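These are the residues of each chain, in order.
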Amino acid sequence: MLIILLLLIVIGLLLAFTRWKTSVIERDAPGIGELIDVGGFRMNSVLLPAGPAADLPPILFIHGASGNLRDQLFAFRGALQGRADLLFVDRPGHGYSERGGPENGFPDGQADAIARLMGKRGIDKAIIAGHSFGAAIAASFALKHPDKTLGLLFLAPATHPWPGGIAWYYRIASTPWLGSLFARLFSLPAGLAMLDAATNAVFAPNPRPADYDENTAPQLVLRPKTFVYNAIDIANLNIYAARTAPLYGDIRTPAVIVTGDRDDIVAVEIHSHGLAVSIPGAKLLTVHGLGHKPDYVTTGLAIAALEWIAGHPVDLAAARAEAQQEVLSATSICR
């Protein structure tokens, strides 16, 4: 009886800590943007309108796994604000977007939701930029909504089936009933202890910006419901990619892939090279020494790619060479 009592006390303390810490996280990183109904649920987004000297078409940014719209917002706002209508979205179930139905556990369901959000935001067509998991959604968006797709920018994409599985905690968290209990008991305390190391690992071998965690609020993914939705997304991706990757050859739009050869999060030879082979005319820009965050580490190259997609006379090889030098210089300084 004593053991049972102690166990119940520990469970009660963990549940109480999770509830309290969730409220603290949301207080410290409140929702930014606007919640808009997209058909039975609401999505959160930030729209930065084009200025009078805009020279680019609308651009839609889709964040990766474990992220939220702040990630891409802080990567690109400073360099692009005013040049185009910029739409940053919290994917369904992430950040401050509601989840919606079970279809939103797959990239094509999320692509459909984002397409509806575009319409609500008054954007008919856009360049779709997706980072990591967001790249799978960008590819699905182009397949399902070609009339809304002006071009594609893939940043360290995760788009193809891969050998092996997923982390054990994602397997547990994506399991019905058990996943919710696991997330309410363990995701927050364990995740907070690992957060600093995890965000450093996403950038490795490149340095993480000192203000990255403060600006992008990665701790939002540790809230129980968001943690479960994130796990479901990841658990579903491999099967989804296996049936969808053969269709990428049907994509008929300008596409650029920006990737690094030191990405330890996704396998470059599977995803980036796979896209370059599958999508007719796709441009593959590989930067030596670059990890999983080209949006932050080689922002200038990503912007050059957006300009090229928009039809500007951009020398992508020269832009890649410049980014290469910047990465090598930064690596040398860090050493």
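The structure presented is a predicted model; accordingly, all values stated were derived computationally and were not measured.

Here we come to the overall build of the protein chain. A tally of helices and strands in the protein chain yields 12 helices and eight strands. Taken over C-alpha atoms, the radius of gyration comes to 20 Å for the protein chain, in line with the 20 Å a tight globule of 335 residues would show. Principal-axis analysis of the C-alpha atoms gives the protein chain an extent of 75 × 50 × 40 Å. The buried share of the protein chain, taken over its 335 residues, is 50%. Taking the contacts inside the protein chain whose residues are at least 6 apart along the sequence as the reference set, 80% of them involve residues at least 24 apart.

Before going further, it helps to spend a moment on the layout of surface pockets. Counted as a void, the largest pocket has a volume near 1200 Å³. Around the largest pocket, the lining is made up of 44 residues, and of these A65, S66, Y169, Y170 and I234 lie nearest the centre. Those elements that place two or more of their residues in the lining of the largest pocket are α5 (168–173), α6 (178–203), α7 (212–216) and α8 (224–244). Counting residues per element, the lining of the largest pocket draws most heavily on α6, at 12 residues. Per-class residue counts for the lining of the largest pocket are 28 nonpolar, 14 polar and two charged. Considering only enclosed or pocket space, the second largest pocket measures out at about 270 Å³ in volume. In terms of lining residues, the second largest pocket is bounded by 14 residues, among which E26, G95, R223, K225 and T226 are the most central. Residue assignment for the lining of the second largest pocket shows that the elements contributing at least two residues are α1 (2–28) and α8.

What counts, and where the lines are drawn
Residues numbered from 1 in each chain as written. Predicted model: local features only at pLDDT ≥ 70, side-chain atom pairs only at ≥ 80, totals over all residues. Heavy atoms only, no water. Helix = DSSP H or I, 4+ residues; strand = E, 2+ residues; numbered from the N terminus. Rg over C-alpha atoms; globule rule 2.2 N^0.38 Å. Buried < 20%, exposed > 50% of the residue type's maximum accessible area, 1.4 Å probe, protein only. Contact = heavy atoms within 4.5 Å. 1 Å grid on protein atoms, 1.4 Å probe; cavity = no way out; pocket = protein on both sides within 12 Å on 5 of 7 lines; lining within 4 Å. Points joined across faces, edges and corners; volume = space filled by probe spheres on them. Nonpolar A, V, L, I, M, F, W, Y, C, P; charged D, E, K, R; others polar.

All we've got here are geometric facts, nothing functional implied.
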